[in-house]
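In case you want the letters, here they are:
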Amino acid sequence: MKATIITLAIISLAARVPAQNIDDRQAAADRRARDAQSSPALAPNLDYQTPTQQVDKFVRDIVLAGRQAKTTRWMTLPQLEVTISSPALKAFVESSFASITQATGLNTPGDGVLHVFVGTSRDFTALEIVKRRQLKMAGKDGCMFWQNKDQSLKEALVFLKESPDQTEEFRQHVLFHDMLAGFGFMKNSPQFPDSTFGGNNAFDLKLSPLDILLISFCYQHVPPAAQSSDVSKLLKLHWNK
């Protein structure tokens, strides 16, 4: 049976933060790099261990994507293909992929592939996936993905058009959040600031304890194509279990 493929492009930084020019975004990235060294862990007075209304809103804010507001995720462990010239940035992508996949609990390799690319527009056109799917670079960064009929993920491409004025930390920030989009976590939520989805500097480039709970819950208990009411019901049954 041939899968029905849906292609979506997400310009992650445009969706996650207010519009800024490149200098403002770079300055903000530099501040995050400094602040992350001294920011505290997830505040203990924030109750995220039980499925409160705040937790419910946090989860639904992040996992319901697209015009239909449904969930999407990998059913098996995707392969990682990295096209990046910087060894340090490539290592960061590989370690981020490892931390995200560990949180999912997936351990059975599948046929799906998550591609991560950093380079010029010319380099982009030379990619096998770009030629195969006849893609164009939409914006300066983002995530494109393709789904099966059940709305599980089939293939995803995270890309960043590099520029001489980008710092390594800035590129890490962009890639980390776009990779999360490539796992089905495509939006932010203001419910818990101390989260990589909430904007706290402490977790700008890593997963907080709450983020790990979120990813684990979604991958262990929420099927693809789940709607808002489905997520709420499952959360009451399975959150933090």
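All values reported here derive from a predicted model rather than from experimental measurement.

Cut-offs applied
- Residues numbered from 1 in each chain as written.
- Predicted model: local features only at pLDDT ≥ 70, side-chain atom pairs only at ≥ 80, totals over all residues.
- Heavy atoms only, no water.
- Salt bridge = Lys/Arg side-chain N within 4 Å of Asp/Glu carboxyl O.
- Helix = DSSP H or I, 4+ residues; strand = E, 2+ residues; numbered from the N terminus.
- Buried < 20%, exposed > 50% of the residue type's maximum accessible area, 1.4 Å probe, protein only.
- Contact = heavy atoms within 4.5 Å.
- Core = buried A, V, L, I, M, F, W, Y, C linked by side-chain atoms within 4.5 Å.
- Phe/Tyr/Trp six-rings, centres within 6.5 Å; stacked < 30°, edge-to-face > 60°.

Engineer: Go over the pattern of salt bridges, please, and point to the residues and values.
Structural biologist: According to the stated counting rule, one finds five salt bridges in the structure shown. Between Arg 132 and Glu 128 there is a salt bridge, and its shortest N-O distance comes to 2.8 Å. Taken together, the residues Arg 132 and Glu 128, both in helix H6 (residues 128-133) and four residues apart, mark about one turn of the helix. Among the residues examined, Arg 132 registers a relative accessible area of 40% and is labelled partly exposed. Residue Arg 133 pairs with Glu 155 through a salt bridge whose shortest N-O separation is 2.7 Å. Of the two residues, Arg 133 is situated in helix H6 and Glu 155 in strand S5 (residues 153-161); the sequence distance between them amounts to 22 residues. The buried category is assigned to Glu 155, whose relative accessible area is 7%. Counted as one network, the salt bridges with shared partners bring together Glu 128, Arg 132, Arg 133 and Glu 155.

Engineer: Account for the side chain of Ser 96, naming residues and giving values.
Structural biologist: Relative to the helices and strands, Ser 96 resides in helix H4 (residues 87-104). Residue class for Ser 96 comes out buried when judged on its relative accessible area of 4%. Aside from chain neighbours lying at most four places away, what touches Ser 96 is Phe 176 and Met 179.

Engineer: Before we move on, can you summarise the nonpolar core with the specific residues and values?
Structural biologist: The biggest cluster of nonpolar side chains holds 53 residues, and the ones touching the most others in it are Val 59, Phe 185 and Leu 214. If you look at the next biggest cluster of nonpolar residues, it comprises 10 residues, including Leu 127, Ile 129, Leu 157 and Phe 159.

Engineer: Can you break down the packing of aromatic side chains residue by residue, with the values?
Structural biologist: Considering all chains together, one arrives at nine aromatic pairs under this definition. Look at Phe 92 and Phe 176: their rings are 6.5 Å apart centre to centre, the planes differ by 55°, and that puts the pair in the tilted class. Residue Phe 92 is located in helix H4, and its partner Phe 176 is located in helix H7 (residues 168-181); the two are separated by 84 residues in the primary sequence. Judged by its relative accessible area of 12%, Phe 92 falls in the buried class. Between Phe 217 and Trp 239 the ring centres are 5.6 Å apart and the planes differ by 70°, which places this aromatic pair in the edge-to-face class. Here the residue Phe 217 occupies a position in helix H8 (residues 209-221), and Trp 239 occupies one in the segment after helix H9 (228-238), the gap between them amounting to 22 residues. Neither Phe 217 nor Trp 239 differs from the other in exposure class; each is buried.

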